[in-house]
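Residues per chain, in single letters:
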Amino acid sequence: MKKLLVFMMAALMLVALAVTGCGGEEKKAAEAPEKVLRVATEPTFAPFEFQEEGSDKLSGFDMDLIRAIGAKMGYKVEIANMGFDALIPALNTGNIDVAIAGMSITDERKQAVGMSDPYYTSGLIVMVQKDNNDIKSIEDLKGKRIAAQIGTTGAAKAHSVEGAVVTEFNTNTESAMELTNGGVDAVINDSPVIGYYLAQGGSEVAKTVGDVMEAEQYGIAVKKDNTKLLEDINKALAELKKDGEYDKIYKTWFGEVKK
Ligand code: GLN
C-alpha cells in the first residue's frame, strides 16, 4: 500500500512537471518570436554576391558581412534575390528591411533611402575586348556602344559619355556577354568585380583600360526613415571592425587585409 502511494505521487509529480514544462516553453515562444532580417541583393556581382554553380546559396563578401551583422544584432538573416533597380523600391514599400549589393553611397540614393557607414572603397573601370587597341580610356568611348547594369553608377557614368549608345542590362553577366559577342565596345562596372571576372577566366576575351575612376564607398541601405535599424547596423559594423571579424571576412574574399 505504501509502495503504491509513493508510486502514485511520483507519477503525479512527473505529469505536473511535464505540463508546466511544456506550458512554459509555449509561453516563451510566444513572447520572443525569432527576429528575421529580410535582406535582398542582386547576385551577379562577384566577389561581393553571387550564386555558386548548382546551388541556391548566396556567397560573397557582402553576404558574409550581412550575416555577421545580423548575428551581432540577434537576427536570423534571410536573403532574397532581386534586380538591382528593384532594391530601393523594395525597401521603401517595406518588402525588405535591408539591401546589400555593392551599392555605392551617392547623394541621390541618400535622398531615397538610409545608407549605412561605408564598408568598402571601390571605383569604376572600363573593360573592352582583349584585342581592342583603339580604346585606351573612358575618353575614347565618345560615340561608342557601352553596356552597364541597370540603375548603377556604372550606367550613370556611361550616360555621361558624349554620344555614347548605352544599353542597361538587368545583370552584369549579360553586360559581359554582350562585350564578348561584340554587341558593345565597352562595359563600365566596379573595378573589383571586373578584376574578379577577368581572374576567373574573363581575361581570355577581355581586359581593362585606363585607371580606376573616382572612389565610391559601398553602404548598406535601409528604408528612408528607419533610423533605429540604421543605427544598429552601424553599431554592429563598427564592432565587427573592432573585433577582427571584418578583417577575417575581408581576407576570405580579397586575400589580404586592406590598409
Ligand atoms: N557600385 C555600383 C552601384 O552602386 C554597382 C552595384 C552593382 O552592380 N551591384 O551602382
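Residues numbered from 1 in each chain as written. Predicted model: local features only at pLDDT ≥ 70, side-chain atom pairs only at ≥ 80, totals over all residues. Heavy atoms only, no water.

**Some thoughts on the site of the ligand**
The environment of the ligand is made up of 13 residues, and the closest members are Gly-102, Arg-109, Gln-149, Thr-153 and Asp-190. One of the backbone nitrogen or oxygen atoms of Ala-101 is found 2.9 Å away from a nitrogen atom of the ligand. Notes on the ligand: free accessible area 290 Å², of which the protein chains cover 100%. (Near = heavy atom within 4 Å. Polar contact = N/O pair within 3.5 Å; in protein donor to acceptor, adjacent residues only side chain to side chain. Areas by Shrake-Rupley, 256 points an atom, 1.4 Å probe, with all protein chains shown as cover.)

**Structural notes on the sheet that holds strand S5 (residues 76-81)**
Taken in spatial order, the five strands of this open sheet run S5-S1-S6-S14-S7, and their pairing is mixed. Both edges of this open sheet fall to S5 and strand S7 (114-115), since each of them pairs with a single strand only. Two strands pair when backbone bridges link them, and strand S1 (residues 36-41) and strand S6 (residues 98-99) are joined in this way by two bridges, in the parallel orientation. Within the sheet, the bridge partner assigned to Ala-40 lies in S6 and is Ala-99. Across the sheet, helix H2 (residues 61-73) touches S1, S5 and S6, and the angle it forms with S5 is around 150°. (Pairing = 2+ DSSP bridges. Helix = DSSP H or I, 4+ residues; strand = E, 2+ residues; numbered from the N terminus. Contact = heavy atoms within 4.5 Å. Axes fitted to C-alpha atoms, helices over the stretch in contact; angles between N-to-C directions.)

**Some thoughts on the packing of aromatic side chains**
In the structure shown here, the tally under the stated rule is 19 aromatic pairs. Centre to centre, the rings of Phe-50 and Trp-253 are 5.7 Å apart; their planes meet at 85°, and the pair counts as edge-to-face. Here Phe-50 is found in strand S3 (residues 49-51), whereas its partner Trp-253 is found in helix H9 (residues 245-254), with 203 residues between them in sequence. Relative to Tyr-218, the ring of Tyr-120 lies with its centre 5.4 Å away and its plane at 25°, an arrangement referred to as stacked. Pair noted here: Tyr-120 is in strand S8 (residues 120-129) and Tyr-218 is in strand S13 (residues 215-218), with a separation of 98 residues, a long-range link. An aromatic cluster of three or more residues is present, and its members are Phe-45, Phe-48, Phe-61, Tyr-119, Tyr-120, Tyr-218, Tyr-246, Tyr-250 and Phe-254. Sitting over the face of the ring of Tyr-75, Lys-35 holds its NZ or CZ atom 4.4 Å from the ring centroid. One residue, Lys-241, lies across the ring of Tyr-246, its end atom 5.3 Å from the ring centre. (Phe/Tyr/Trp six-rings, centres within 6.5 Å; stacked < 30°, edge-to-face > 60°. Lys NZ or Arg CZ within 6 Å of the ring centre and 35° of its normal.)

**Focus on the sheet that holds S3**
Pairing is antiparallel in the open sheet, where three strands are placed in the order S2-S3-S4. Both edges of this open sheet fall to strand S2 (44-45) and strand S4 (58-59), since each of them pairs with a single strand only.

**Here's the deal with the nonpolar core**
In this structure, Phe-61, Leu-65, Ile-69, Val-98 and Tyr-119 are the most contacted members of the largest nonpolar core, which totals 29 residues. Those elements giving two or more residues to this core turn out to be S1, H2, helix H8 (227-242) and H9. Ranked by the residues each element gives to this core, the list is headed by H2, at seven residues. Leave out the neighbours within four places in its chain, and Phe-61 touches Pro-47, Phe-48, Tyr-119, Tyr-120, Tyr-246, Ile-249, Tyr-250, Trp-253 and Phe-254. (Core = buried A, V, L, I, M, F, W, Y, C linked by side-chain atoms within 4.5 Å. Buried < 20%, exposed > 50% of the residue type's maximum accessible area, 1.4 Å probe, protein only.)

**Describing unusual backbone geometry**
Pro-47 follows Ala-46 through a cis peptide bond whose omega is 10°. Locating Pro-47 in the fold gives a position in the loop between S2 and S3.

**Concerning the environment of Ser-137**
Inspection of the secondary structure puts Ser-137 in the loop between S8 and strand S9 (145-149). Expressed as a C-alpha distance, the spacing of Ser-137 and Thr-208, which sit 71 residues apart in the sequence, is 8.8 Å. Setting aside residues up to four positions removed in sequence, Ser-137 forms contacts with Val-209 and Gly-210.

**Here we look at the packing of H2 against H8**
For the pair H2 and H8, interaxial distance at closest approach is 9 Å and the crossing angle is 105°. Put simply, H2 runs roughly perpendicular to H8. Residue-level contacts link Leu-65, Ala-68, Ile-69, Lys-72 and Met-73 of H2 to Leu-229, Asp-232, Ile-233, Ala-236, Leu-237, Glu-239 and Leu-240 of H8. Its residues placed into classes, the contact of H2 with H8 shows nine nonpolar, no polar and three charged. (Parallel < 35°, antiparallel > 145°, perpendicular 65-115°, else oblique. Nonpolar A, V, L, I, M, F, W, Y, C, P; charged D, E, K, R; others polar.)

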